[in-house]
Amino acid sequence: MNEEYIEIELEEEPIELCKLLKVLNLVEGGGQAKNLIAEGYVGVNHEICTIKRKKLYSGDILEFDGELFQLALSEDATPAERPAEQPQSEPNQAAPQPVSQPAKNKRKRTKKPKVDEKTGRRPISFG
């Protein structure tokens, strides 16, 4: 498969995904960018990305509307250090949950009578 990239030079890195879409004029505004990302219309490094403020660095590939954009750092910019990728744990090996203790200051509610004994009507609650 022959993939042609449109090269984008970054003056500084990282840049957030939603901001990059705005800067490249691929969307009309930040709200539209966030909606498109959340709905899964944007790809980063050949995977669908739903993280609106995902930080992108030089070398990352942005996929949007059938076009591929490769990010590069301009010559006079200093590269930022990428954070180490955290391995995702398997759902079966979830960390043990701490034993929760009941809240001490929880307000106790008394059960209200369904019908008032004197009038035969239900009480009205305003709160």
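Preceding this section is the structure that the text describes.
All values reported here derive from a predicted model rather than from experimental measurement.

Caption draft 1: Structural view of the side chain of Ser 74. By the secondary structure assignment, Ser 74 is in the segment after β7 (67–73). A polar atom in the side chain of Ser 74 sits 3.0 Å from the side chain of Asp 76. What Ser 74 contacts, discounting residues up to four positions off in sequence, is Glu 9, Leu 10 and Glu 11.

Caption draft 2: Structural detail: the pairing of strand β6 (residues 61–64). Pairing of strand β3 (residues 42–44) with β6, which is carried by three bridges, proceeds in the antiparallel orientation. Within β6, the residue paired with Gly 43 across the bridge is Glu 63. Where β6 lies against β7, four bridges are found, and the strand directions are antiparallel. Within β7, the residue paired with Phe 64 across the bridge is Glu 67. Adjacent in sequence and paired antiparallel, β6 and β7 are bridged by two residues, among which Asp 65 carries a positive phi angle near 55°.

Caption draft 3: Region of the structure containing the environment of Ser 74. Given a relative accessible area of 5%, Ser 74 falls into the buried group. Sequence separation of Ser 74 and Ser 58 is 16 residues, and the distance between their C-alpha atoms is 9.2 Å.

Caption draft 4: Highlighting the sheet that holds strand β1 (residues 5–10). Judged by pairing direction, the sheet is mixed, and its five strands sit side by side in the order β1-β7-β6-β3-β4 without closing on themselves. Looking along the sheet, the strands with just one partner apiece sit at the ends: β1 and β4 (47–48). Pairing between β1 and β7: six bridges, direction parallel. Within β7, the position partnered with Tyr 5 by the bridge is Leu 68.

Caption draft 5: Looking closely at the environment of Ala 38. Along the chain, Ala 38 turns up in helix α2 (residues 30–38). Accessibility expressed as a relative area gives 40% for Ala 38, which makes it partly exposed. Remark: the alpha-carbon pair of Ala 38 and Cys 49, spanning 11 residues in sequence, is separated by 8.0 Å. Those residues within four positions of Ala 38 in sequence are excluded, and the remaining contacts are Thr 50 and Lys 52.

Conventions we followed
Residues numbered from 1 in each chain as written. Predicted model: local features only at pLDDT ≥ 70, side-chain atom pairs only at ≥ 80, totals over all residues. Heavy atoms only, no water. Helix = DSSP H or I, 4+ residues; strand = E, 2+ residues; numbered from the N terminus. Polar contact = N/O pair within 3.5 Å; in protein donor to acceptor, adjacent residues only side chain to side chain. Contact = heavy atoms within 4.5 Å. Pairing = 2+ DSSP bridges. Buried < 20%, exposed > 50% of the residue type's maximum accessible area, 1.4 Å probe, protein only.

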